[in-house]
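A closer look at the structure
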Amino acid sequence: MDSQYETKKNDPNAIMPYPESNDEHVGEVRGLGGGIMDKEPEAQEGHAKFHRLGWKRLTVVLIVEAIALGSLSLPGAFATLGMVPGVILSVGMGLICIYTAHVIGQTKLKHPEIAHYADVGRVMFGRWGYEIISFMFVLQLIFIVGSHVLTGTIMWGTITDNGNGTCSLVFGIVSAIILFLLAIPPSFAEVAILGYIDFVSICAAILITMIATGIRSSHQEGGLAAVPWSCWPKEDLSLAEGFIAVSNIVFAYSFAMCQFSFMDEMHTPSDYKKSIVALGLIEIFIYTVTGGVVYAFVGPEVQSPALLSAGPLLAKVAFGIALPVIFISGSINTVVVSRYLIERIWPNNVIRYVNTPAGWMVWLGFDFGITLIAWVIAEAIPFFSDLLAICSALFISGFSFYFPALMYFKITRNDAKSQSKKYFLDALNVVCFVIGMGILGIGTYAAIQDIMDRYDHGKVSKPYSCAPLA
């Protein structure tokens, strides 16, 4: 059976045999198909359903996963780092993440049996690599869903003036319900339809924020010329504060974590290059323009997210327009982690295609369970946002930087057509690895230091608090 697996694993359309699901093969990377059950009509239909994604829709799905309200935290990062370092970091990190996404794409083409990021852990490091990366993958995705619960809570509080005394837990429950409902479609091709709304939503919110902050600044004494923005980092900048600002820029480009999952649904995976280049250039443009323009309009007092600097009324308008992006971008993470867990638990069962009554029951159960866990964690941990920053430093540093560098050295290095190109790519991937290690170490330190500072200043809330979030 192993030899049969080896001969078919490089054929993206092959229906592949699988060993029985026992402890020996738990975590084994999968091909397309699932054994005997794939001969059933439901499996044939499901296989077709989950391979409808073209490069244009892949671009949209990547935008949904990558570009959210976090883009409006970049003006605050520019205010900390200064205009020149901010622009350099925004453009530089964007270009590096386009390259690391390319490495991920090349790895997927060489190993089409890789369906999710966790699977590449087994290809590179065996069983232990699969289990470790699986833990990182699931935990980070659930935490991201939790962060969208909290963002939704803040959004409802802002729009309703904190609900005239309504407990913020109510807003959190409402946000979790919306995230659950939007995560019901199991196919990324279906999610892409919502993605168009998501993209228009975030672009409109950013545009309103830039126009509103520009008008407010022009009406102040001295106009825009009097805004005290700086080309260089602010004075007395601590390492922790500076690296949190750097992390905000780095994490804005962290779309690589779900790339394997999305590519596994493509009908022509080799088209991925068009998608990552399109996404990367769109991100570089949006992040750099948003960070630079809003910082130049508001100055060092810019709030995060920046739409809070637009004034009370327009902040409500901008939050209302951004409502789709808060929930659509959050729900896609639920879809990814649910798909991964179901395919891991039922690799040989038609349940994983979500086109039978049993499949839908399992799917809705995972959708609900993950959303509930995300809500509980987000509400129960008083310093959740800082814990998310720690997890991002620990995990995103790997998904976006040092894991792709290791993929290059272990999987794709010999694809270089000339020795000079190989040397250049060797150096580039060493840089990516060092960046990942730097984010892992210094980013974790900065996040922990920020938690300690928040405790010292009494800024840590209580679990399941009714107090308004900010």
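Residues numbered from 1 in each chain as written. Predicted model: local features only at pLDDT ≥ 70, side-chain atom pairs only at ≥ 80, totals over all residues. Heavy atoms only, no water.

In the nomenclature of an unreviewed UniProt entry, the protein chain is known as N amino acid transport system protein of Neurospora tetrasperma. For the protein chain, the Sequence similarities (unreviewed entry) comment in UniProt is given as "Belongs to the amino acid/polyamine transporter 2 family." (UniProt positions renumbered as here; feature names shortened; annotations may be inferred.)

1. Some details on the overall build of the protein chain
Summing up its helical and strand segments, the protein chain has 17 helices and zero strands in all. In the protein chain, which comprises 470 residues, the proportion classed as buried is 56%. Within the protein chain, contacts between residues at least 6 apart in sequence are counted, and of these 83% link residues at least 24 apart. Total accessible area on the protein chain is roughly 19300 Å²; 67% of this is exposed by carbon and sulfur atoms. (Helix = DSSP H or I, 4+ residues; strand = E, 2+ residues; numbered from the N terminus. Buried < 20%, exposed > 50% of the residue type's maximum accessible area, 1.4 Å probe, protein only. Contact = heavy atoms within 4.5 Å. Areas by Shrake-Rupley, 256 points an atom, 1.4 Å probe, with all protein chains shown as cover.)

2. Some thoughts on the side chain of Gln140
If you trace the backbone, Gln140 turns up in helix H7 (residues 127–159). The buried category is assigned to Gln140, whose relative accessible area is 2%. Excluding anything up to four places from it in sequence, Gln140 contacts Met257, Leu388, Cys391, Ser392, Phe395 and Ile396.

3. A word on the pattern of salt bridges
Close approach of charged atoms lets side chains of opposite charge pair. A full pass over the atoms with the stated rule returns ten salt bridges. A salt bridge links Lys234 to Glu241; the nearest nitrogen and oxygen atoms lie 2.4 Å apart. Using a relative accessible area of 38% as the deciding quantity, one classes Lys234 as partly exposed. On the basis of relative accessible area, Glu241 is assigned to the partly exposed category, the value being 30%. Notably, a salt bridge pairs Arg413 with Asp426, separated by 2.7 Å at the nearest N-O pair. Of this pair, Arg413 sits in the loop between helix H16 (384–412) and helix H17 (419–456) while Asp426 sits in helix H17, and the two are 13 residues apart along the sequence. Residue Arg413 is classed as partly exposed on the basis of its relative accessible area of 24%. (Salt bridge = Lys/Arg side-chain N within 4 Å of Asp/Glu carboxyl O.)

4. Regarding H17
Relative to the 56 Å expected for 38 residues at 1.5 Å per residue, H17 spans 55 Å between its end C-alpha atoms, a close match to the ideal helical length. Of the residues trailing H17, Gly458 is marked for its positive phi of about 65°. (Expected span 1.5 Å × (residues − 1).)

5. What to know about a nonpolar patch on the surface
Judged by side-chain polarity, Phe409, Val430, Phe433, Val434 and Met437 come together as a nonpolar surface patch covering roughly 400 Å² of accessible area. Relative to the helices and strands, Val430 resides in helix H17. For Val430, a relative accessible area of 43% corresponds to the partly exposed category. (Patch = residues over 30% accessible without salt bridge, like charges linked within 9 Å, V, L, I, M, F, W, Y side chains within 5 Å.)

6. Observations regarding the packing of aromatic side chains
The geometry of an aromatic ring pair is captured by the separation of the ring centres together with the interplanar angle, meaning the angle of the planes. As enumerated under the stated definition, the model contains 15 aromatic pairs in all. Here the aromatic rings of Phe180 and Phe368 are separated by 6.1 Å at their centres, their planes lie at 90°, and the arrangement is edge-to-face. With Phe180 in helix H8 (residues 168–182) and Phe368 in helix H15 (residues 357–380), the pair connects residues that are 188 residues apart, well separated along the chain. Take Phe368: its relative accessible area is 49%, and that puts it in the partly exposed class. (Phe/Tyr/Trp six-rings, centres within 6.5 Å; stacked < 30°, edge-to-face > 60°.)

7. A look at unusual backbone geometry
Note the cis peptide between Ser304 and Pro305, where omega equals 0°. Inspection of the secondary structure puts Pro305 in the loop between helix H12 (272–298) and helix H13 (312–321). The phi dihedral of Asp236 is positive, around 55°, even though this residue is not glycine. Structurally, Asp236 can be placed in the loop between helix H9 (188–218) and helix H10 (239–252).

8. Digging into the confidence of the model for the protein chain
Across the protein chain, pLDDT averages 86, with 89% of residues at or above 70. Taken element by element, the predicted model of the protein chain shows its lowest mean pLDDT in helix H1 (residues 2–8) (40) and its highest in helix H5 (residues 83–110) (97). Low pLDDT, under 50, characterises residues 1–38; the predicted model gives this stretch 79 contacts beyond four residues in sequence or across chains. (pLDDT = per-residue confidence, 0-100.)

9. Digging into the environment of Leu72
Positionally, Leu72 belongs in the loop between helix H3 (55–66) and helix H4 (74–81). Separated by 214 residues in sequence, Leu72 and Ile286 place their C-alpha atoms 9.8 Å apart. Excluding residues within four positions of it along the chain, Leu72 makes contact with Ile206, Thr209, Thr290, Ser304, Pro305, Ala306 and Leu307.

10. Structural notes on the packing of H4 against H12
Contact pair H4 / H12: the axes reach a minimum separation of 8 Å and the direction vectors enclose 65°. The handedness of the crossing between H4 and H12 is right-handed. Mapping the contact onto sequence places Leu74, Pro75, Phe78 and Ala79 in H4 and Tyr287, Thr288, Thr290, Gly291, Gly292, Val294 and Tyr295 in H12. Broken down by class, the residue content of the contact of H4 with H12 amounts to seven nonpolar, four polar and no charged. (Axes fitted to C-alpha atoms, helices over the stretch in contact; angles between N-to-C directions. Left-handed = near helix turned anticlockwise from the far one by under 90°. Nonpolar A, V, L, I, M, F, W, Y, C, P; charged D, E, K, R; others polar.)

11. Side note on the nonpolar core
Side chains of a nonpolar character, in soluble globular proteins, are inclined to be buried together. Counting residues in each nonpolar core, the largest one holds 131 residues, and the members touching the most others are Leu69, Tyr117, Phe262, Phe399 and Met407. The element that contributes the greatest number of residues to this core is H16, accounting for 14 residues. Once residues within four sequence positions are removed from consideration, Phe262 is found in contact with Leu53, Leu58, Val61, Leu62, Glu65, Phe188, Ile332 and Val336. (Core = buried A, V, L, I, M, F, W, Y, C linked by side-chain atoms within 4.5 Å.)

12. What about H13?
Among all positions in H13, only Ala315, Ala318 and Phe319 are buried. Projection of H13 onto a plane perpendicular to its axis shows the buried side chains occupying an angular sector of 100°, all on one side. (Arc of directions from axis to C-beta.)

13. Brief notes about the environment of Ser217
Tracing the backbone through its elements, the reader meets Ser217 in helix H9. Each C-alpha atom of the pair Ser217 and Ala310 lies 9.8 Å from the other, and the pair is 93 residues apart in sequence.

14. Here's the deal with the packing of H9 against H12
Geometry of a packed helix pair, given as the angle between the helix axes and the separation of the axes. Relative orientation of the contacting elements H9 and H12 amounts to 20°, with a least axis distance of 8 Å. Here H9 lies roughly parallel to H12, going by the angle between them. In terms of crossing hand, the pair formed by H9 and H12 is left-handed. Residues Phe199, Cys203, Ile206, Thr209, Met210, Thr213, Gly214 and Ser217 of H9 form the contact with H12, whose participating residues are Ile282, Ile286, Val289, Thr290, Val293, Val294, Phe297 and Val298. Looking at side-chain class alone, the contact of H9 with H12 contains eleven nonpolar, five polar and no charged residues. (Parallel < 35°, antiparallel > 145°, perpendicular 65-115°, else oblique.)

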